[in-house]
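# Working through the structure, step by step
Spelled out, the chains give:
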Amino acid sequence: MADVHVTIDGVILYCDESVSTLQLENGYSIQKVYLVEIPFRNKITDGNGNLTINYLGSQLHDDNGTYLMCIHKEDTFQVRLPQIAPGVHLTDKDLMCGEQLEEYKDTEMEYLNKVFSLLRLFKKGNIGCKEVFFEHKFTVMGFINNTQKQTSDNVTRNIVDSTFFILSTDEAIKCNQFLQDYIGQEYYLLKNCIDEFTWGLEQVDIPTGFEQYTTALEMIFLAKDQQGKKEVLSKRVSVLLENDPIKIQALYDKVKNFYRYRSESLHEGDGRNITAAELKEMEEIVRKVLLKYLDFCKTAIVNNGSITWETIKENKIIDLKAAVETAKNAGVLPILCSSSKNVSKRSPKRLA
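A separate point is the overall build of the protein. Scanning the protein for helices and strands turns up 12 helices and eight strands. Expressed as a percentage of the 352 residues in the protein, the buried residues total 47%. Residue pairs at least 24 apart in sequence account for 73% of intrachain contacts in the protein once pairs closer than 6 positions are excluded.

Below, the structure is given as C-alpha cells:
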C-alpha cells in the first residue's frame, strides 16, 4: 500500500463571501482567494491571464483586486501498489494506479454534487463548480515520485444564469443546520427527484428547464399510468403547499396553466408562453415541494430505517388525496370527473 496525498480545488460559481461560513464537512473549506494567488490560475484563465468565460460572471472585486470563492481540501488515502514478482513486467500505467485514483475522484465528486444540490434546494442561486482540480502525489517502490492531475469538468454546467447565492447571517446558520439534517439517507431516498430538479437548473433553454421541473413534480405526485395528470398534479401541489383557500385556488390555477405550457412545449414545440419569470416561479414551486418531501423522508426514516421512496410516495399520495377531497367538499377546489378507458361512462372517476 502507498499513501497518496491529494489536494482538491475549484471555483464556486455565482456566490459571494457569505458562503465562507458554510460547513461543507468531509474536509472541505471555502476560501476567498485573489486571482493572482490562485494556485490553479492557469487552468481558469486564457493566454493573456484573463478569466475564461466559465468564470467571468462569478468574479468579485474589492480594493485589493479580483477574487473568487473557492473550495479546498487536502487529504491522504491509500492505494494498492502492483505486485513485484520475477518475470512480471510492470508498465508506467501499472505504477500510476489510475483506476484507484479515479475511484477516489468519483467518490469526492459525488459528495460535492450532493452538497451543492442541497444548497440549491435551500435557496435560489446558481452555486456550484464548473471544474474541480485534483492533484495526487505518492511514491512507488520507495523512489519513484508520482504526481497525477485530474480535472472533473461538468460539461453541462449552466454558466449563464447569473443568480447569485447570497446568505444573510441568519440564513447561514440555518443553511448549515439544513446540510446536517438532510445530507444522509433522506437525501438518497429523494435523489432521483432532486437530480431532475438540478438538471432543470442546468438548462440554458427556458422551455427545456421548465419541462424538467414539471417532470420532477410528476415523479413525486403521480402514480404510474395516472389518468388526468394535469388536474391531479395541480390539486395535489396546491393542497401540499398552501392552507389558505384563496391561495390554494390560486396555486391550483397556476400549476394547471404551467402544466399546459409544458405540454405545448413538449408535444407541440411551442414554448412561447414560458418566459424567464414563469421559469423562476416553477423553480420555486418545485423547490418548496422538495423541501417538504425531504422532511417527509427524514420523518419516515425515524419510524422505519429501511423504508423505500416508493412507500413514502404512496403514503403521501394517500394523504394528498384526502386533502384534495376535503378541499373539494369545501368548495375550494373544483369537482371534475373524467372517464378513463377502464371506467364506464356510468361510473365517472373523480380526479384527486
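Once you've had a look at it, read on.
Predicted confidence across the protein gives a mean pLDDT of 91, with 89% of residues reaching 70 or more. Taken together, the stretch residues 339-347 has pLDDT below 50 and engages in five contacts with residues farther than four places along the chain or on a different chain.

The next thing to look at is the pairing of strand β5 (residues 128-140). Here β5 lies mainly inside the structure; 10 of its 13 residues are buried. Relative to β5, strand β1 (residues 2-13) runs antiparallel, the two being bridged by eight bridges. Across the sheet, the residue bridging to L13 is G128, located in β5.

Attention now moves to helix α7 (residues 191-201). Owing to its 3.6 residues per turn, the α-helix brings residues three or four apart onto one side. Every buried residue of α7 is listed here: C193, I194, E196, F197, T198, G200 and L201. Close packing links the buried residues of α7 with α4 (98-122), α6 (185-189), α8 (206-221), α11 (276-303) and α12 (309-329).

Turning to the nonpolar core, a few remarks are in order. One finds L22, L119, L190, F221, L290 and Y293 to be the most contacted residues of the largest nonpolar core, which totals 92 residues. Not counting the four nearest positions on each side in its chain, F221 is found in contact with L233, R236, V237, L240, V289, Y293, I317 and L320. Residues V11, Y14, I44 and L51 belong to the second largest nonpolar core, which totals 14 residues.

Attention now moves to the packing of aromatic side chains. Enumeration over the complete set of coordinates arrives at 14 aromatic pairs. Judged by centre distance (6.0 Å) and plane angle (65°), the rings of Y293 and W309 are edge-to-face. You can see Y293 sitting in helix α11 and its partner W309 sitting in helix α12, a full 16 residues away along the chain. For the pair formed by Y293 and W309, the shared burial category is buried. Here the guanidinium or amino end of K298 rests over the ring plane of Y182, the centre of that ring lying 6.0 Å away. The lysine or arginine in question, K316, covers the ring of F296, its NZ or CZ lying 3.9 Å from the ring centre.

This brings us to α8. For α8, spanning 16 residues, the distance from its first C-alpha to its last is 23 Å, which sits close to the expected 22 Å at 1.5 Å a residue. Among the residues of α8, those classed as buried are P207, G209, F210, E211, Q212, Y213, T214, A216, L217, E218, I220 and F221.

Moving on to the pattern of salt bridges. Per the counting criterion, the structure on display carries 24 salt bridges. For E231, the salt bridge goes to K235, with nearest N and O atoms at 3.3 Å. Here the residue E231 and the residue K235 both occupy positions in helix α9 (residues 229-241), the gap between them amounting to four residues, near one helical turn. There is no split in this pair, since E231 and K235 are both buried. Several salt bridges converge on common partners, so that one network encompasses D161, K280, E283, E284 and R287.

When you line up the elements, V232 lands in helix α9. Sequence separation of V232 and A352 is 120 residues, and the distance between their C-alpha atoms is 5.2 Å. Apart from the residues lying within four places of it in its own chain, the contact partners of V232 are L222, Q226, Q227, L351 and A352.

Attention shifts here to the pairing of strand β4 (residues 65-79). Across 10 bridges, β1 lies against β4 in antiparallel orientation. Within the sheet, the bridge partner assigned to V11 lies in β4 and is C70. Between strand β3 (residues 60-62) and β4, which pair antiparallel one after the other, the connecting turn spans two residues.

Moving on, we come to unusual backbone geometry. Here E25, not a glycine, exhibits a phi torsion of approximately 65°, which is positive. By secondary structure assignment, the location of E25 is in the loop between β1 and β2 (29-34). Since its relative accessible area comes to 45%, E25 is described here as partly exposed. Here N26, not a glycine, exhibits a phi torsion of approximately 55°, which is positive. Relative to the elements of secondary structure, N26 occurs in the loop between β1 and β2. Overall, the relative accessible area of 36% leaves N26 in the partly exposed class.

The rules behind each value
Residues numbered from 1 in each chain as written. Predicted model: local features only at pLDDT ≥ 70, side-chain atom pairs only at ≥ 80, totals over all residues. Heavy atoms only, no water. Helix = DSSP H or I, 4+ residues; strand = E, 2+ residues; numbered from the N terminus. Buried < 20%, exposed > 50% of the residue type's maximum accessible area, 1.4 Å probe, protein only. Contact = heavy atoms within 4.5 Å. pLDDT = per-residue confidence, 0-100. Pairing = 2+ DSSP bridges. Core = buried A, V, L, I, M, F, W, Y, C linked by side-chain atoms within 4.5 Å. Phe/Tyr/Trp six-rings, centres within 6.5 Å; stacked < 30°, edge-to-face > 60°. Lys NZ or Arg CZ within 6 Å of the ring centre and 35° of its normal. Expected span 1.5 Å × (residues − 1). Salt bridge = Lys/Arg side-chain N within 4 Å of Asp/Glu carboxyl O.

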